[in-house]
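For reference, the chains in residue letters:
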Amino acid sequence: MALFISFEGGEGSGKSTQAQLLEERLRRLGAPVVSVHEPGTTHLGLYLRKWLKQGRPFDSELAEFLLFASARAELVSQIVQPSLNQGTIVLADRFSDSSVAYQGYGRGLPIKLIDEINTEATGGITPDITFLLDCPPKVGLTRVGASFQLKLFDSPGSAKPVRESEGTRFEQEPIHFHENVRSGFRILAEKAPERWRVVDATLQAGEISDIVWEDVEAALGRPAEENGHGPRNGILPGISTQSALHAHTV
Ligand SMILES: Nc1ncnc2c1ncn2[C@@H]1O[C@H](COP(=O)(O)OP(=O)(O)OP(=O)(O)O)[C@@H](O)[C@H]1O
Ligand SMILES: [Mg+2]
């Protein structure tokens, strides 16, 4: 049974942690699963990720968005769509919604433009479930080691790019940027509650994983067990035990 699940949220909200925990749980059940992250996973995505991580500023916010959209188009074409066609569960660590939140609500590009280009880039593919790891920016940024930047950026105009070799360009943004991104994600979740699950990202990672698992089980047609959410040895109905498409993952 093909299922497309994305994890969204601000910096350090726990997206990668939860994607990995979910992948492990699904693999233990023998479910075919492939994980992707944005930008990355494909050769083009990794190339762009490396470039973006250098933290060099763009003159054009549109140029920045188009780079993300370009990586997304390649990711969908090369991995997401073929995997879904084969009945594989796809876990995405960020997807189109990140552009709406960061380049739209964060940078101020028109949401309509972002939606249109996202639709072109993805062929209209939308996740079946999107988990929003809703996190106060200071908590997330501190987790990823950007606490010293918070001090810098709390006073407007005093910002200087730091951490050239680590982190992302967004970690270097002032705190109000991250607040706007967080609000943007929450607006998206409110607009489409049938797709979004908003999870308190300040809970323990294990607790969040259990919440995620309960929803995923329900989506796969297998209710959560009464005694908790631990992994089981069974095979999910409708899921074949074919090995996951590691070969597609770069
Ligand atoms: N629920 C949690 N509580 C406390 N710490 C957490 C939690 N989830 C993840 N972490 C830790 O916070 C840090 C960031 O987690 P993770 O890399 O999963 O976040 P992310 O959203 O993928 O970050 P990024 O935006 O940088 O990709 C890691 O050190 C991770 O171990
Ligand atoms: Mg991550």
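Below is a short write-up of the structure.

Cut-offs and rules
- Within each chain, residue numbers correspond to sequence positions counted from 1 in written order.
- Chain letters and ligand numbers both follow the written order, the letters beginning at A and the numbers at 1.
- Residue-level local features of this predicted model are given only where pLDDT is at least 70; pairs of side-chain atoms are given and counted only at 80 or more, and the full residue set underlies all totals for whole chains, interfaces and linings.
- Computation of side-chain values covers all heavy atoms of the structure but excludes hydrogens and water.
- Here a salt bridge means any side-chain nitrogen of Lys or Arg lying within 4 Å of a carboxyl oxygen belonging to Asp or Glu.
- Think of it this way: any DSSP run of H or I at least four residues long counts as a helix, any run of E at least two long counts as a strand, and we number them from the N terminus.
- Residue exposure (1.4 Å probe, protein chains only): buried if accessible area is under 20% of the type maximum, exposed if over 50%, otherwise partly exposed.
- With axes taken as lines fitted to C-alpha atoms, and helix axes fitted only over the stretch in contact, angles between N-to-C directions fall between 0 and 180 degrees.
- Working rule for angles: under 35 degrees goes down as roughly parallel, over 145 as roughly antiparallel, 65 to 115 as roughly perpendicular, anything else as oblique.
- Here a crossing is called left-handed whenever its near helix is offset anticlockwise from the far helix by less than a right angle, and right-handed whenever the offset is clockwise.
- Here, residues are in contact when the closest pair of their heavy atoms is within 4.5 Å.
- Residues are sorted three ways: Asp, Glu, Lys and Arg are charged, Ala, Val, Leu, Ile, Met, Phe, Trp, Tyr, Cys and Pro are nonpolar, and all the rest, Gly among them, are polar.
- Grouping buried Ala, Val, Leu, Ile, Met, Phe, Trp, Tyr and Cys residues that are joined through side-chain atoms within 4.5 Å yields what is termed a nonpolar core.
- Strands were regarded as paired on the criterion that DSSP finds at least two bridges between them.
- By this rule, a helix spans an expected 1.5 Å times one less than how many residues it contains.
- Regarding the arc, it is the one traced by the directions from the helix axis to the C-beta atoms.
- Two N or O atoms form a polar contact when they lie within 3.5 Å of each other; inside protein one atom must be a possible hydrogen donor and the other a possible acceptor, and for residues adjacent in sequence the pair counts only when both atoms belong to side chains.

### Describing the pattern of salt bridges
A full pass over the atoms with the stated rule returns eleven salt bridges. For Glu116, the salt bridge goes to Lys112, with nearest N and O atoms at 3.1 Å. With Glu116 and Lys112 both in helix α5 (residues 111-122), this residue pair falls four residues apart, about one helical turn. Judged by its relative accessible area of 42%, Glu116 falls in the partly exposed class. Judged by its relative accessible area of 60%, Lys112 is exposed. Overlapping salt bridges bring together Glu64, Arg107 and Glu173 as one network.

### What about the packing of helix α3 (residues 61-85) against α5?
Put simply, α3 and α5 touch, their axes get as near as 8 Å, and they point 25 degrees apart. Put simply, α3 runs roughly parallel to α5. Note that α3 runs across α5; the crossing there is right-handed. Only Leu113, Ile114, Ile117, Asn118, Ala121 and Thr122 of α5 make contact with α3, whose side of the interface consists of Leu62, Phe65, Leu66, Ala69, Arg72, Ala73 and Val76. Residue composition of the contact of α3 with α5, by class: ten nonpolar, two polar and one charged.

### Quick notes on the nonpolar core
Counting 22 residues, the largest nonpolar core has Ile5, Phe7, Leu22, Leu26, Ile89, Phe131 and Val216 as its most contacted members. When residues of this core are traced back to their parent elements, those giving at least two are β1 (3-9), α1 (15-28), β3 (89-93), β4 (129-134) and α9 (205-219). Contact partners of Phe7, with chain neighbours within four places excluded, come to Lys15, Gln18, Ala19, Leu22, Ala92, Asp93, Arg94, Phe131, Leu133 and Val212. In terms of nonpolar packing, the next biggest core, distinct from the first, is built from 18 residues, Phe65, Tyr102, Leu109 and Ile114 among them.

### A few points about the pairing of β4
It is a general feature of regular strands that their side chains alternate between the two faces of the sheet. Extensive coverage of β4 is indicated by the burial of six of its six residues. What you see with β4 is no split at all: Ile129, Phe131 and Leu133 on one side and Thr130, Leu132 and Asp134 on the other are buried throughout. Examined bridge by bridge, β4 and strand β5 (residues 196-200) share five bridges and lie parallel to one another. Along β5, the bridge assignment pairs Phe131 with Arg197.

### Description of the sheet that holds β3
Taken in spatial order, the five strands make up an open sheet running β2-β3-β1-β4-β5, and their pairing is parallel. Strand pairing shows two members of the sheet lacking a second neighbour, β2 (33-37) and β5, which therefore form its edges. Taken pair by pair, the neighbouring strands of this sheet meet at an average axis angle of 20 degrees, ignoring direction. As paired elements, β1 and β3 share five bridges and run parallel to each other. Residue pairing for β3: Phe4 is matched across the bridge by Val90. The sheet contacts of helix α4 (residues 96-106) involve β1, β4 and β5, and relative to β1 the element is tilted by about 20 degrees.

### Remarks on α9
The terminal C-alpha atoms of α9 lie 21 Å apart, and with 15 residues this matches the ideal 21 Å at 1.5 Å per residue to within 8%. For α9, every residue scored as buried is listed here: Ile208, Ser209, Val212, Trp213, Val216 and Glu217. One side of α9 carries all its buried residues, which in axial view fall inside an arc of 165 degrees. On its buried face, α9 sits against β1, α1, β4 and β5. Just downstream of α9 lies Gly221, where phi reads positive at about 80 degrees.

### A short note on the side chain of Ser6
Its place among the elements puts Ser6 in strand β1. The buried category is assigned to Ser6, whose relative accessible area is 0%. A polar contact of 2.8 Å, which involves the side chain of Ser6, links it to the side chain of Thr130. With residues up to four places along the chain from it excluded, the contact list for Ser6 reads Ala92, Phe95, Pro127, Ile129, Thr130 and Phe131.

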